[in-house]
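Tertiary structure, described
The primary structure of each chain is shown beneath.
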Amino acid sequence: MLISPGKLLSKIDSPQDLKKLDQVQLVQLCEELRNFIIDNVSVYGGHFGASLGVVELTVALHYVFNTPTDQLVWDVGHQAYGHKILTGRRDEFYTNRMYRGISGFPKRTESEYDAFGVGHSSTSVSAGLGMAVASKYLGLDQKQHIAVIGDGALTGGMAFEALNHAGVSDTNLLIILNDNCMSIDPNVGALKDYLTDITTSKTYNRLKDDVEFIG
């Protein structure tokens, strides 16, 4: 049984199609994309939470940036369901994680939009940094590099090493922290407590409310 996409999502075969939409239509597209993921995963299996939490972010990134020229790296790969659907794999998404179907993670041999093969975890910042350094040496100054990393993956040692390196590198790298309190097990430790303090502070939530009101 194939799951039918919504009216707008059925017309999105690439990010170039996405860019044809008005910004006001993106809200409806996000709703259709979230429902499409839920309907497919409910029938065919897969991971729910991580991708559902980045639907709006996924749409925004492909709407603003020029992928695949601009390189987008997901960490962990479970966040990439929406990314796959928007980049030409909507009609075969039902084969996700099946034998001879599409991969449950970004896979370079599967699509030019999958800039890095990633599963678990903490690799996106170092991968994005490597791509950014390469672009710098090649003189590709306008090329963008975006690393999306979850709060659980951020606690890995490789992520800290990459952040330490990126902080002193003159490269074109954007790091997005998806602090969604999602992990295989509940997050623990000082970094988790620090991020919780930030996201529950009056200042942060006042700023968030102001931004949402302006939007």
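Located above this text is the structure these notes cover.
Worth saying up front: this structure is predicted, and the values here are computed from it rather than measured.

Reading the values: the criteria
- Residues numbered from 1 in each chain as written.
- Predicted model: local features only at pLDDT ≥ 70, side-chain atom pairs only at ≥ 80, totals over all residues.
- Heavy atoms only, no water.
- Axes fitted to C-alpha atoms, helices over the stretch in contact; angles between N-to-C directions.
- Helix = DSSP H or I, 4+ residues; strand = E, 2+ residues; numbered from the N terminus.
- Contact = heavy atoms within 4.5 Å.
- Nonpolar A, V, L, I, M, F, W, Y, C, P; charged D, E, K, R; others polar.
- Pairing = 2+ DSSP bridges.
- Parallel < 35°, antiparallel > 145°, perpendicular 65-115°, else oblique.
- Left-handed = near helix turned anticlockwise from the far one by under 90°.

For the rest of this paragraph, the subject is the packing of helix α6 (residues 124-137) against helix α7 (residues 157-166). Here α6 crosses α7 at 35°, and the two axes come no closer than 7 Å. In contact with V125, S126 and L129 of α6, α7 contributes M158, A162, L163, H165 and A166. Class assignment for the residues of the contact of α6 with α7 results in six nonpolar, two polar and no charged.

So, on to the sheet that holds strand β3 (residues 174-178). Across the sheet, which stays open at both edges, the three strands sit in the order β1-β2-β3 with parallel pairing between neighbours. Of all the strands in the sheet, just β1 (71-75) and β3 have a single pairing partner and so form its edges. Each adjacent strand pair in this sheet contributes to an overall mean axis angle of 15°, direction not counted. By the bridge criterion, five bridges tie strand β2 (residues 145-150) to β3 in an arrangement that is parallel. In the strand pairing of β3, I149 is matched with L177.

Of note, S111 is situated in the loop between α5 (81-89) and α6. With near-sequence residues (within four places) excluded, S111 lies in contact with T87 and R89.

Looking now at the packing of helix α2 (residues 26-44) against helix α4 (residues 55-64). It is the contact of α2 with α4, at a shortest axis distance of 9 Å, that shows an interaxial angle of 125°. Regarding the angle of α2 to α4, the classification is oblique. Crossing angle aside, the handedness with which α2 passes α4 is right-handed. Along its contact with α2, which presents L26, L29, C30, L33, R34 and I37, the element α4 presents V55, E56, V59 and Y63. Of the residues in the contact of α2 with α4, the class split is eight nonpolar, no polar and two charged.

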